[in-house]
Amino acid sequence: MIPAFNPGPNPYGPPPIWLGGFGPRMIEAAGEVADGFIAHPFNSRKSLLENVLPALQRGLVTSGRARRDFRIVCATIVVTATMRASSRASSSP
C-alpha cells in the first residue's frame with residue numbers, strides 16, 4: 001500500500017467480523033469463523049432456540065471456541081402507524 005493510504009496500526013486491533021444468516025449452514029459458518037452473528041428478524045423464539053443456537057454451537061465447536069467468545073444480536077423490525085395513516089396507505093393504488 002502506498003504511504004498516502006496507509007493509516008498505520010489500529011490502536012483498537014482488528015475490527016470484529018459479524019455475519020448474518022438464516023439457513024443452518026450459513027449460521028454454522030458464522031459460528032466457525034465470525035466474531036458475532038446477526039439473527040434474521042423473522043426468526044421466532046422457537047427457531048432461535050431449536051435451529052440458530054445449535055447451528056452456532058456446532059460452528060463454535062469446530063473452531064474450538066466457547067460461546068462466551070461470541071456475540072449474537074437479534075435484529076428486529078418495528079412498524080407503527082395510526083389507524084388513519086394505515087387506512088390511507090391501504091387505499092393507495
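Structure shown above.
All figures in this text were calculated on a predicted structure; none of them were measured in a lab.

Asker: Explain the sheet that holds strand β3 (residues 71–74) to me, using residue names and the numbers behind them.
Answerer: Here we have three strands laid out as an open sheet, ordered β1-β2-β3, and parallel in their pairing. On the outer flanks of this sheet lie β1 (18–21) and β3, each paired with one strand and no other. Taking the axes of each pair of neighbouring strands and ignoring which way they run, one obtains an average angle of 25° across the sheet. In terms of strand pairing, β1 meets strand β2 (residues 36–39) through four bridges, oriented parallel. When the bridges of β2 are listed, Trp18 appears paired with Gly36.

Asker: Residue-level account of the environment of Leu56, with values.
Answerer: Following the sequence through the fold, Leu56 ends up in helix α2 (residues 45–63). Separated by 20 residues in the primary sequence, Leu56 and Gly36 have C-alpha atoms spaced 9.8 Å apart. If near-sequence neighbours (up to four positions away) are discounted, Leu56 is found in contact with Ile27, Ala30, Gly31, Phe37, Phe70 and Ile72.

Asker: How would you summarise helix α1 (residues 24–33) if you had to cite specific residues and measurements?
Answerer: Inspection of α1 places Ile27, Ala30 and Gly31 among the buried residues, and these make up the whole buried set. Taken end-on, α1 shows its buried residues confined to a sector of 95°, consistent with a single buried face. In α1, the exposed positions angled more than 90 degrees off the buried face are occupied by Arg25 and Val33. Packing partners of the buried residues in α1 comprise β1, β2 and α2.

Asker: So what's going on with the pairing of β3? Residues and values would help.
Answerer: Looking at chain direction, β2 and β3 are connected through four bridges and run parallel. Paired with Ala39 across the strands is Cys74, a residue of β3. In terms of handedness, the path from β2 via α2 over to β3 forms a crossover that is right-handed.

Asker: Hey, could you go over the side chain of Asn43 for me, with residue numbers and the actual values?
Answerer: Here Asn43 shows up in the loop between β2 and α2. Look at Asn43 and you get buried, because its relative accessible area is 15%. A polar contact is formed between the side chain of Asn43 and the side chain of Ser47, at a distance of 3.0 Å. Beyond its immediate sequence surroundings of up to four residues, Asn43 is in contact with Phe22, Leu48 and Val52.

Rules and cut-offs
Within each chain, residues carry numbers counting from 1 in the order of the written sequence. Only residues with pLDDT of 70 or above have their local features reported here, since the model is predicted, and side-chain atom pairs are shown and tallied only from 80 upward, although totals for entire chains, interfaces and linings are computed over all residues. Side-chain metrics rest on all non-hydrogen atoms present in the structure, leaving aside hydrogens and water. Pairs of strands are assigned from DSSP output, requiring at least two bridges between the strands. Strands are runs of DSSP state E lasting at least 2 residues, helices are runs of H or I lasting at least 4, and numbering of each runs from the N terminus. All axes here are fitted lines through C-alpha atoms, helices being fitted over the stretch that makes contact, and every angle between N-to-C directions spans 0 to 180 degrees. Whether two residues are in contact is decided by their heavy atoms, any of which lying within 4.5 Å being enough. Here the term buried applies to any residue with accessible area under 20% of the maximum for its type, exposed to any over 50%, and partly exposed to those in between, with areas from a 1.4 Å probe on protein chains only. In this context, the arc is that of the directions from the helix axis out to the C-beta atoms. We call a crossover right-handed when, viewed with the strands running away from us, the connection from the first strand over the helix to the second turns clockwise. Throughout this description, a polar contact denotes any pair of N or O atoms lying within 3.5 Å of each other; where both atoms belong to protein, one of them has to be capable of donating a hydrogen while the other can accept it, and for residues adjacent in sequence the pair is counted only when both atoms sit in side chains.

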